[in-house]
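Structure assessment
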Amino acid sequence: DNPLEAGRIAEYIIQAIHQPFQQDFEIDFIHISAGIAVYPQDEKDPALLIQCARMGLLEARQNGKSEYQYSQDKMPV
């Protein structure tokens with residue numbers, strides 16, 4: 001219901017997963033990115049809504065590691 005809440009949840013998940021872990025003798029991090037699309041503001045059709053989220057994901061990946069982006073650069077009001 002709330003696009004800002006979706007962003008807060010994405011940030012929480014990204015931070016929770018981005019914890020160091022030791023593998024053999026190295027310390028590694030997991031990086032994830034997320035795309036956020038909001039129904040019905042971005043799209044009403046489920047398949048197109050997923051496409052919107054994928055577009056946001058692609059942009060988030062271009063912005064760097066461990067990022068999230070709202071679809072089509074739409075920021076919640």
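My aim in this report is to walk through the structure given alongside it, one point at a time. (Residues numbered from 1 in each chain as written. Predicted model: local features only at pLDDT ≥ 70, side-chain atom pairs only at ≥ 80, totals over all residues. Heavy atoms only, no water.)

Considering the overall build of the chain
A tally of helices and strands in the chain yields 2 helices and 4 strands. From first element to last, N terminus to C terminus, the chain shows the α and β order α-β-β-β-α-β. Seen through its principal axes, the chain has C-alpha atoms that stretch 50 × 20 × 20 Å. Relative to its 77 residues, the chain shows a buried fraction of 22%. When contacts within the chain are restricted to residue pairs at least 6 apart in sequence, those whose partners lie at least 24 apart make up 46%. The centroid of the 6 positive side-chain charges in the chain is displaced by 6 Å from the centroid of its 12 negative side-chain charges. (Helix = DSSP H or I, 4+ residues; strand = E, 2+ residues; numbered from the N terminus. Buried < 20%, exposed > 50% of the residue type's maximum accessible area, 1.4 Å probe, protein only. Contact = heavy atoms within 4.5 Å. Lys, Arg positive; Asp, Glu negative; His and termini not counted. Charge placed at Lys NZ, Arg CZ, Asp CG, Glu CD.)

Description of the pattern of salt bridges
Taken as a whole, this structure holds 1 salt bridge when the rule is applied. Notably, a salt bridge pairs Glu5 with Arg8, separated by 3.1 Å at the nearest N-O pair. Taken together, the positions of Glu5 and Arg8, both in helix H1 (residues 3–17) and 3 residues apart, correspond to about one turn of that helix. The exposure class assigned to Glu5 is partly exposed, which follows from its relative accessible area of 36%. (Salt bridge = Lys/Arg side-chain N within 4 Å of Asp/Glu carboxyl O.)

Thoughts on the side chain of Ser71
Locating Ser71 in the fold gives a position in the segment after strand S4 (68–70). Only 3.0 Å separates the side chain of Ser71 from the side chain of Asp42, close enough to count as a polar contact. Those residues in contact with Ser71, other than ones at most four positions away along the chain, are Ile36, Ala37, Asp42, Cys52, Ala53 and Gly56. (Polar contact = N/O pair within 3.5 Å; in protein donor to acceptor, adjacent residues only side chain to side chain.)

Structural notes on H1
Its 15 residues place the ends of H1 21 Å apart at the C-alpha level, agreeing with the 21 Å of an ideal helix rising 1.5 Å per residue. Among the residues of H1, those classed as buried are Pro3, Gly7, Ala10 and Ile14. Taken end-on, H1 shows its buried residues confined to a sector of 60 degrees, consistent with a single buried face. Where H1 is buried, its residues contact strand S3 (34–36) and S4. The backbone nitrogen of Leu4 lies 2.9 Å from a side-chain oxygen of the residue at the head of H1, namely Asn2. (Expected span 1.5 Å × (residues − 1). Arc of directions from axis to C-beta.)

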